[in-house]
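Coordinate analysis (summary)
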Amino acid sequence: MNWRGEMGLSTAASVNTTPEGVQFCIFDLRRGQQEGQELDKILFFYPADLPFSTQLSVIGLSEGLITFTRIFSPEAACEVIEAERHSHVFFEAEPDIWMVMVVEKNKESEAIWRIDALRKVLMEVHSLFVMFHGSIRALLEKEPGGGLARSHLYPFIKDYLSDFLVGKKLLLPSFRDSLKERGTVQMLTVSREAAIEVQSLVKVIESCTGNAPCYSLILFQDLLVSTTLSPEDTINLFTYAVLRLTPHALSSGVSSWSYLAKGTSPHMATAFMMAHSGPFPEQFYTPRDTSPAGDNRFRVTHPLRHDKWSKGKDGFLVTDIWGMEAGTSVPATPTVLLHQTEERMYLCAHQHKNLTVIFLLPLSSILNREQGISAVKQQLLENAALKISKVEEKLSKGWGGENAYHVGGYRYLLVDGDRNVSRTSPPGKVATLTKESLLALNKLREEVDLDKSRAQWDNAGHEKELEVSIRAKNNAWVIARVTRGKELYIVLEKANETLLYASDAVEKFSNRYCNGAFSLD
């Protein structure tokens, strides 16, 4: 079983409230177990300017909760502990390496969370970190003092959290994000004719690398068109592309995913943009290494730093994040680590209008590094430029705009857990929902999350079938259906009085847009 429990006591004595109402730490249970060495276990802490005694207090409480819950659930320790004033959200990112987020409860503010949404923030930042830097454990084994791991974790998570920053306050996913699903990709629906053109383009890209293996990912705006990567690698690279590489991310300096994921209302958009126009409050994120040499011993890249990617004249995206090639003024090509093959790859991206083509090349297959990569890029320009232009034009003509996936009368989220794909109502349409509807939806999703968690451990291997309907205070219907790895959430604010009417509306949606996957027949 996964442990989700409540503590009938206040954690005020153990957890000091910060101005942001959020604390986030990463620690290693294998480190700092000897008296006088407790600081060794801290790999990351936010805010970093808190006294070490406070940091150790938070981590010590977390350790105690993990140890206690393992008594009852050795295979899977706690996911969340609810205290009187705080929620403690846990994620074991790697064996004995824990990420814990402590969020303050405040019923008078917008800070109403869904625990699984917060856990997916922890999962996402860890997956992205490993894609660029490798596992935390590998960094600790490479440099047992912990300085190498900390020197990578602090700036990386600082840059990641900057996407949630408004002024000096972190706005983590709240009830207003209940029609979003982190850890999934959003796909573009294309015609059969366009799909054939895309498939042809993928083959041309692969031919440009000769006999060397090549993986590719193609996006139109912020939607996935094609991938030859594994599901997990697709999610990681898609997430990074939408955060920093797509035309919207390049032009705005703020990722569209971070904007959409928070469900930012229109009046917050200006404030959100202004928050990124000034410097990030470094005092919250400066690691204080207790070793004499500090973090200057290690060369650190900043893959998530804002405004560091740009589009060159040839259409290829360039960045100096990875430094320069030795003895030259040529920026070094970025690299990523694939989850499936554990192979490090060069990351190259070409952009034509709304189309972003990303291809990955194994380091082992490229001779002379930048010269070899330059040769592959030239091959792509010569052999694929016209096809890239043709695909972009065809997809643009078939694109219905930002409201392409709007369904009149419905506000919905469709999740295919087996394929890690989601589709949702456009942000502008979701923004029209009332607070009462969103709160009811958030509560509904919490119930579904809890039910799924129980089913996962009580009936291993058995698919969960579930239907839940809630009438909100504003008389809106909020409905969830879960079947065969798929989930559908619908909000009907203008529905009839009866549950029968609302259920019939869901049936119509299922039959028309989901091939009847959620029909009760």
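- As recorded in an unreviewed UniProt entry, the protein chain goes by CCZ1/INTU/HSP4 first Longin domain-containing protein and comes from Trema orientale.
- Turning to the protein chain, the UniProt annotation filed under Sequence similarities (unreviewed entry) states: "Belongs to the CCZ1 family."

A look at the pairing of strand β15 (residues 355-362)
- Burial analysis of β15 places eight of its eight residues in the buried class, the great majority of the element.
- Burial of the side chains of β15 extends over both faces: Leu355, Val357, Phe359 and Leu361 are buried on one face and Thr356, Ile358, Leu360 and Pro362 on the other.
- Connecting the antiparallel pair strand β14 (residues 344-352) and β15 is a turn made up of two residues, with lysine 353 showing a positive phi of about 55°.

Overview of the nonpolar core
- Phe24, Ile26, Met101, Tyr240, Ile358 and Leu360 are the most contacted members of the largest nonpolar core, which totals 86 residues.
- No other element matches helix α2 (residues 115-133), which puts nine residues into this core.
- For this core, the domains that each give at least three residues are domain 1 (22-170) and domain 2 (185-258 + 304-398).
- Filtering out sequence-adjacent residues up to four positions away, leucine 360 remains in contact with Pro213, Cys214, Tyr215, Leu229, Leu237, Val336, Leu338, Met345, Tyr346 and Leu347.
- Core analysis: the second largest hydrophobic core is formed by 44 residues, Leu355, Trp477, Val506 and Phe509 among them.

Brief notes about the packing of helix α5 (residues 192-207) against helix α10 (residues 370-398)
- Close contact between α5 and α10 brings their axes to 10 Å; oriented N to C, the two are set at 160°. By the angle class used here, α5 and α10 are roughly antiparallel. Note on packing geometry: the crossing formed by α5 with α10 is left-handed. From α5, Glu193, Ala194, Glu197, Val198, Ser200, Leu201, Val204 and Ile205 reach across to α10, where they touch Leu380, Asn383, Ala384, Lys387, Ile388, Lys390, Val391, Lys394 and Leu395.
- Of the residues belonging to the contact of α5 with α10, the class tally is ten nonpolar, two polar and five charged.

Thoughts on the pattern of salt bridges
- Across all of its chains, the model carries 23 salt bridges by this definition.
- Note that glutamate 92 and arginine 70 form a salt bridge whose closest N and O atoms lie 3.3 Å from each other. On the criterion of sequence distance, the pair formed by glutamate 92 in strand β5 (residues 86-94) and arginine 70 in helix α1 (residues 52-72) is long-range, its members being 22 residues apart.
- Under the relative-accessibility criterion, arginine 70 is labelled partly exposed at 28%.
- Residues glutamate 447 and lysine 443 are paired through a salt bridge, measuring 3.9 Å at the closest nitrogen-oxygen approach.

A few points about the sheet that holds strand β16 (residues 411-416)
- The antiparallel open sheet is built from five strands, whose spatial order is β17-β16-β20-β19-β18. Among the strands making up the open sheet, the edge pair consists of β17 (421-424) and β18 (466-471). Geometrically, the sheet is characterised by an average inter-axis angle of 5° between neighbouring strands, direction not taken into account.
- The pairing of β18 with strand β19 (residues 477-483) spans six bridges and is classified as antiparallel. Within the sheet, the bridge partner assigned to arginine 471 lies in β19 and is tryptophan 477.
- Where helix α13 (residues 499-513) meets the sheet, its contacts fall on β16, β18, β19 and β20 (486-492), and the angle it forms with β19 comes to roughly 50°.

About the cut-offs
Residues numbered from 1 in each chain as written. Predicted model: local features only at pLDDT ≥ 70, side-chain atom pairs only at ≥ 80, totals over all residues. Heavy atoms only, no water. UniProt positions renumbered as here; feature names shortened; annotations may be inferred. Buried < 20%, exposed > 50% of the residue type's maximum accessible area, 1.4 Å probe, protein only. Helix = DSSP H or I, 4+ residues; strand = E, 2+ residues; numbered from the N terminus. Pairing = 2+ DSSP bridges. Core = buried A, V, L, I, M, F, W, Y, C linked by side-chain atoms within 4.5 Å. Domains from an automatic or database assignment. Contact = heavy atoms within 4.5 Å. Axes fitted to C-alpha atoms, helices over the stretch in contact; angles between N-to-C directions. Parallel < 35°, antiparallel > 145°, perpendicular 65-115°, else oblique. Left-handed = near helix turned anticlockwise from the far one by under 90°. Nonpolar A, V, L, I, M, F, W, Y, C, P; charged D, E, K, R; others polar. Salt bridge = Lys/Arg side-chain N within 4 Å of Asp/Glu carboxyl O.

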